[in-house]
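# Commentary on secondary and tertiary structure
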Amino acid sequence: MKLLALDTSTEYLSLCLWLDGVAHTRNLLAGQSHSQQILPLLREILTEAKLELGDLDYIAFGAGPGSFTGLRIGCGVAQGLAFGANLPVVAVSTLQALAQGAMTKDPTAVRIIACLDARMGEVYHAAYIRNGECWDEISAPGLYKPEAIPTLPGEGWVGAGSGWSAYGDALKHGYAKQIISTMPEEYPNATAIAALSLPMFAAGLGVAAAQAAPIYIRNKVALKTSEREAGLRFN
């Protein structure tokens, strides 16, 4: 299977050209420059492999949650590339990609609480347990204040993602002795997205380029001051 995976949901830019199980990657801290850097890097990685987009089976991207602008860039690039090469697109959860990446780094990490810093004092949160070759979703992706995170069963959980860097004390307090370690430096990477996309594509979850869409949990970019003072929050 040959595929291109990409993620621009955080300040990192991550690319993976997956060729029959061998991952050719580019990962860098792009800040706000994803749109300037992604296409040259994509061309570079394809040229090195002596491939064209039309040689691929599909394109996968980190669909969210994450940065509003980043998600739009990632989805837009995936759509544009797929449309031009007549390829299907697979949208992968960035929070599940965090879990996949954490387990790749530490194979004993099979109970993952994935948290991304959502800014404005909130985190994108989901929890997964590894079940064979798949992940069971224990807590669905949601947007929470760090002090109001969902309860989870059992112990032996590993925290992964930037939310643990930004709000580590509050998150650890919420889960007390359930947490055994954290990986705050983890971010959704394209290699994890590629690996997760394989069974999804095999299950027929690839869609036409025009149907690809980001996963937005926060449905507004900003709240008015009066709304914040009234205690309103994004959904």
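Located above this text is the structure these notes cover.
Notes on the structure in this doc start here.

## Section: helix α6 (residues 190-202)
For α6, spanning 13 residues, the distance from its first C-alpha to its last is 18 Å, which sits close to the expected 18 Å at 1.5 Å a residue. The sharpest bend along α6 reaches about 25° and sits at Leu 196, with the proline Pro 199 one to four residues further on. Here α6 has its buried residues at Ala 190, Ala 192, Ile 193, Ala 194, Leu 196 and Ser 197. For α6, the secondary structure elements touched by its buried residues are β1 (2-7), β2 (12-19), β4 (58-64), β5 (89-93), α3 (94-105) and β8 (134-144). Where α6 starts, the residue carrying a side-chain oxygen 3.1 Å from the main-chain nitrogen of Thr 191 turns out to be Asn 189. Looking at the residues trailing α6, positive phi occurs at Gly 204, about 85°.

## Points about the sheet that holds β8
Strand order in the open sheet formed by five strands is β8-β7-β6-β9-β10, and the pairing between neighbours is mixed. Since the sheet does not close on itself, it has two edges, and those belong to β8 and β10 (179-183), each with one partner. On average, each strand axis in the sheet is tilted by 20° relative to the strand beside it, whichever way the strands run. Of the strand pairs in this sheet, strand β7 (residues 123-131) and β8 are connected by eight bridges, and their pairing is antiparallel. Residue Tyr 128 lies in a different strand from β8, and its bridge partner there is Glu 137.

Criteria and thresholds
Residues numbered from 1 in each chain as written. Predicted model: local features only at pLDDT ≥ 70, side-chain atom pairs only at ≥ 80, totals over all residues. Heavy atoms only, no water. Helix = DSSP H or I, 4+ residues; strand = E, 2+ residues; numbered from the N terminus. Expected span 1.5 Å × (residues − 1). Bend = angle between axes of the 7 residues up to and from the residue. Buried < 20%, exposed > 50% of the residue type's maximum accessible area, 1.4 Å probe, protein only. Contact = heavy atoms within 4.5 Å. Polar contact = N/O pair within 3.5 Å; in protein donor to acceptor, adjacent residues only side chain to side chain. Pairing = 2+ DSSP bridges. Axes fitted to C-alpha atoms, helices over the stretch in contact; angles between N-to-C directions.

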